[in-house]
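Reading the structure
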Amino acid sequence: MSGPSGLLFHNPVDHVLFNILGIAVSLYALYVEVRKHKDKDYKALCDLGENMQCSRVLTSEYSKGFGIVGLLVGKEHFLNAPNCVVGAGFYALQLTLGFVHHPLAVQALFYTSVISVIGSLYLAYILAFKLKDLCLVCITTYLINGVLMYLNYQKFVHLES
């Protein structure tokens, strides 16, 4: 009998779907960010109210380099990339490594997903307590990161046993 194949079990299809969803959400966030910078009157689909404006969050000082990298290397430095670009790269890396059947790939998947959840917790704190906003795009990426960590943990534990 084969193992569970439903959503949120360690199934390669789940890993692919959540990474594709992560890439799509990240690219939408990039679209909103670029569009808002070009047109200050732009209202994104995720701008639902006064305290639910993803476009405000995605153009804030924390939307590039997590609000930290620019302080260290300068706002115009290439390392101070938009968080959504870093996210799209992360999901692409996760997607690619998911097809590599090697213990180092499994470890990289797990540890990078742990880092993404730590980054999500930091950004959730910024969202709630500094920006005092509710960004549905941001929260979606936090949830995707949590699911990917769970899926990667399942694979990691299987590797260790």
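Everything here concerns the structure above.
Here the structure is a predicted model, which means the values were calculated and not measured.

Broken down by element type, the chain carries six helices and two strands. N-terminal to C-terminal, the α/β element order of the chain is α-β-β-α-α-α-α-α. A compact globule built from 161 residues would reach a C-alpha radius of gyration of about 15 Å, and the chain, at 17 Å, matches this within 12%. On the principal axes, the C-alpha backbone points of the chain span a range of 55 × 35 × 25 Å. Burial analysis of the chain (161 residues in total) assigns 40% to the buried set. Within the chain, contacts between residues at least 6 apart in sequence are counted, and of these 64% link residues at least 24 apart. For the chain, the exposed area adds up to about 9500 Å²; of that, 70% sits on carbon and sulfur atoms. If you average the places of the 11 positive and of the 10 negative side-chain charges in the chain, the two averages end up 3 Å apart.

Let us now look at the state of the cysteines. For the structure shown, the criterion picks out two disulfides. In this model C46 forms its disulfide with C54; the gap between the sulfur atoms is 1.5 Å. Taking the sign of the S-S torsion, 50° for the link of C46 and C54, the bridge is right-handed. Between the sulfur atoms of C135 and its disulfide mate C138 the distance is 2.4 Å. Of note, the bridge from C135 to C138 carries an S-S torsion of about 70° and is right-handed in sense. With respect to class, C135 is no different from C138; both count as buried. Not part of a disulfide, C84 finds its nearest cysteine sulfur in C138, a span of 9.6 Å. The buried category is assigned to C84, whose relative accessible area is 9%.

Here we come to unusual backbone geometry. Leave glycine aside and you will find that most residues have negative phi; peptide bonds, for their part, are mostly trans. Backbone geometry at F66 places phi at a positive 60°, although glycine is not the residue there. F66 gets classed as partly exposed once you look at its relative accessible area, which sits at 28%. Its identity as a non-glycine residue notwithstanding, K132 has a phi of 50°, on the positive side. Its place among the elements puts K132 in the loop between α5 (103-130) and α6 (136-160). With relative accessibility at 56%, the residue K132 sits in the exposed group.

What counts as what
Residues numbered from 1 in each chain as written. Predicted model: local features only at pLDDT ≥ 70, side-chain atom pairs only at ≥ 80, totals over all residues. Heavy atoms only, no water. Helix = DSSP H or I, 4+ residues; strand = E, 2+ residues; numbered from the N terminus. Rg over C-alpha atoms; globule rule 2.2 N^0.38 Å. Buried < 20%, exposed > 50% of the residue type's maximum accessible area, 1.4 Å probe, protein only. Contact = heavy atoms within 4.5 Å. Areas by Shrake-Rupley, 256 points an atom, 1.4 Å probe, with all protein chains shown as cover. Lys, Arg positive; Asp, Glu negative; His and termini not counted. Charge placed at Lys NZ, Arg CZ, Asp CG, Glu CD. Disulfide = S-S within 2.5 Å.

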